[in-house]
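# Coordinate inspection notes
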Amino acid sequence: MPRKAESSTEENDEPVQEKEKNEMLERMLAAVLNYLSDEEIEEIDLEYLLTNTEDLKQWWDQYREKNKKQIEDEIKKSLSNLTLEELESIREQIKGKIG
């Protein structure tokens, strides 16, 4: 029976967590839009936004990591369209980063 109670508690927590996540995203979006709509800002400073918007950098890093697989798949698909020279150049670039 305790198992059922834990499961029930987890199910009840999901809407709360989803609501908190939505509120966090709304807060970040509002901060970004406030920054972008500031007429005194002449040049958009993304590093400033990431540093000074609460939770935005953490969210962005998680988002990028989550989409890493999609990027890998896109690259794999595009490899067949490259010439041998282009592939060799990419291989050399990769070797340079690894070694």
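This is a predicted model, so every value here is computed, not measured.

What follows concerns the overall build of the protein chain. Across its full length, the protein chain holds 5 helices and 0 strands. Starting at the N terminus and ending at the C terminus, the protein chain contains elements arranged as α-α-α-α-α. Relative to its 99 residues, the protein chain shows a buried fraction of 8%. Approximately 9,200 Å² of the protein chain is accessible, and the part contributed by carbon and sulfur atoms is 52%.

This brings us to the layout of surface pockets. The calculated volume of the largest pocket comes to roughly 250 Å³. Taken together, L25, M28, L29, V32, L36, I44, L46, L49, L50, L56, W59 and W60 form the lining of the largest pocket. Listed by contribution, the elements that provide at least two residues to the lining of the largest pocket are helix 1 (2–37), helix 2 (46–52) and helix 3 (56–66). When residues of the lining of the largest pocket are assigned to their parent elements, the largest contribution, 5 residues, is made by helix 1. For the lining of the largest pocket, the residue count by class is 12 nonpolar, no polar and no charged. There is about 180 Å³ of room inside the second largest pocket. Together, K21, M24, D55, Q58, W59, Q62, Y63 and K66 line the second largest pocket. Residue assignment for the lining of the second largest pocket shows that the elements contributing at least two residues are helix 1 and helix 3.

Further remarks concern the pattern of salt bridges. Scanning all chains against the criterion turns up 3 salt bridges. The salt bridge involving R27 is made with D55; its shortest N-O contact spans 3.0 Å. Placement of the pair is R27 in helix 1 and D55 in the loop between helix 2 and helix 3, with a sequence separation of 28 residues. For D55, a relative accessible area of 27% gives the class partly exposed. The partner of D73 in a salt bridge is K69, and the shortest N-O contact between them spans 3.5 Å.

Counting 6 residues, the largest nonpolar core consists of M28, V32, Y35, L49, L50 and L56. Contributing elements (two or more residues each) for this core: helix 1 and helix 2. Of the residues forming this core, the biggest block, 3 residues, is contributed by helix 1. Setting aside residues no more than four positions away along its own chain, L56 makes contact with M28, V32, L49 and L50.

The rules behind the values
Residues numbered from 1 in each chain as written. Predicted model: local features only at pLDDT ≥ 70, side-chain atom pairs only at ≥ 80, totals over all residues. Heavy atoms only, no water. Helix = DSSP H or I, 4+ residues; strand = E, 2+ residues; numbered from the N terminus. Buried < 20%, exposed > 50% of the residue type's maximum accessible area, 1.4 Å probe, protein only. Areas by Shrake-Rupley, 256 points an atom, 1.4 Å probe, with all protein chains shown as cover. 1 Å grid on protein atoms, 1.4 Å probe; cavity = no way out; pocket = protein on both sides within 12 Å on 5 of 7 lines; lining within 4 Å. Points joined across faces, edges and corners; volume = space filled by probe spheres on them. Nonpolar A, V, L, I, M, F, W, Y, C, P; charged D, E, K, R; others polar. Salt bridge = Lys/Arg side-chain N within 4 Å of Asp/Glu carboxyl O. Core = buried A, V, L, I, M, F, W, Y, C linked by side-chain atoms within 4.5 Å. Contact = heavy atoms within 4.5 Å.

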